Amino acid sequence: MTPLDKKRRKKLQAILDKNHGYRDYHDNDVAVGKIGKYGSGVFAQRQFLPGELVIEVHGQLLSQKNYDGSSYVMEVNKDWFLEPAIPAAFLNHSCDPNCELVHLTKWTMGLVAICNIEAETQITFDYRWTAFEGVPKCQCGSPVCRGWVVAAEDVKKMERIAKRKKKKS
Ligand SMILES: [Zn+2]
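Computed from a predicted model, the values in this text were never measured in an experiment. Per chain, residue numbering runs from 1 following the sequence as it is written. With the structure being a predicted model, the display of local features is reserved for residues of pLDDT at least 70 and the display and counting of side-chain atom pairs for 80 or more, all residues being used for whole-chain, interface and lining totals. To get the side-chain values, take all heavy atoms of the structure and skip hydrogens and water.

**Examining the coordination of the zinc ion**
Stated precisely, the cut-off is as follows: The donor set covers N, O and S atoms within 2.8 Å of the metal, switching to 3.2 Å for Na, K and Ca, and it leaves out water, so a site may look short of donors. Just to be clear on the cut-offs, tetrahedral is four donors with all angles between 85 and 135 degrees, square planar is four donors and octahedral six with opposite donors over 155 degrees apart and all others between 65 and 115, and anything else goes down as irregular. Accessibility here uses a 1.4 Å probe with only protein chains present; expressed as a share of the type maximum, an area under 20% marks a residue as buried, one over 50% as exposed, and anything in between as partly exposed.
Those donors, C95 (SG), C138 (SG), C140 (SG) and C145 (SG), are the protein atoms that reach the zinc ion, and they lie 2.2 to 2.4 Å from it. Note that the zinc ion binds four donor atoms; their angles at the metal cover 105 to 114°, and the shape is tetrahedral. Summarised as a motif, the one-chain spacing of the donors to the zinc ion is C-x42-C-x1-C-x4-C. Owing to a relative accessible area of 13%, C138 belongs among the buried residues under this scheme.

What follows is the structure in structure tokens.
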């Protein structure tokens, strides 16, 4: 196989992006868009009213027993995690979200609007992670930001973990 040179790679990548829409999901309701230089997010393409289903989250099912990969999975039940497919894979956390994650069918989750969402607004939900050492600082920018991407009841615990880590280093 001949290695791809830069020019050819760029050309072929453009074809891939155009034809297969990888990381460029778009339908009448939502679209994946860029945030800053490296980030991505999901944006409403129309208005959603409170209580309205915004996205059905499909994905790969991973058994809880054998899984110890990224924490970016959703808990479906005590045996299974769901690794969200595109576009839901690009949903960002917010401490002041406009959507809530709910169980929808046996193997899918749903994102439901909890307030009025205008077109072009970024769709967010509260990840509600439990506190552990690798939790990133939150950058949602909301005035009620909790500082960490953890559930409200885990903020104190997360602060203790961060303090301990600081002392160690
Ligand atoms: Zn935040």
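**Concerning helix α1 (residues 6–20)**
Along an α-helix, a turn takes 3.6 residues, which lines up residues three or four apart on a common side. How we decide: Every helix listed is a DSSP run of H or I at least four residues long, and every strand listed is a run of E at least two residues long, numbered separately from the N terminus. Expected span, for any helix, means 1.5 Å times one less than how many residues it has. For the purposes of these results, a polar contact is taken to be a pair of N or O atoms within 3.5 Å, where, inside protein, one atom must be able to donate a hydrogen and its partner to accept one; residues adjacent in sequence count only when each atom of the pair is a side-chain atom.
Taking 1.5 Å per residue as the helical rise, α1 with its 15 residues ought to reach 21 Å, and the 20 Å between its terminal C-alpha atoms agrees with that figure. Looking at where α1 begins, the residue whose side-chain oxygen comes 3.0 Å from the main-chain nitrogen of K7 is D5.

**Quick notes on the side chain of S63**
Our working rule: Any two residues whose heavy atoms approach within 4.5 Å at even a single point are treated as in contact.
When you line up the elements, S63 lands in strand β4 (residues 59–63). Looking at S63, the relative accessible area reads 18%, which means it is buried. Setting aside residues no more than four positions away along its own chain, S63 makes contact with D79 and W80.

**Description of the packing of aromatic side chains**
Keep this limit in mind: Stacked, edge-to-face and tilted are the three classes for Phe, Tyr and Trp ring pairs, Trp counted by its six-membered ring, which pair at centre distances within 6.5 Å; planes under 30 degrees apart are stacked, over 60 edge-to-face, the rest tilted.
If you walk through the whole model with that rule in mind, you get three aromatic pairs. Ring plane angle 85° and centroid distance 6.0 Å describe the contact between W80 and W107, whose orientation is recorded as edge-to-face. One end of the pair, W80, is in strand β6 (residues 80–84); the other, W107, is in the loop between β8 (99–103) and β9 (109–113), and 27 residues separate them in sequence. In this structure W80 comes out as partly exposed when scored by relative accessible area, which is 31%. Measuring from centroid to centroid gives 5.2 Å for F125 and Y127, while their planes differ by 50°, and the two rings are tilted. What makes F125 buried here is its relative accessible area of 4%. Counting every residue linked through ring pairs, the aromatic cluster contains F125, Y127 and W129.

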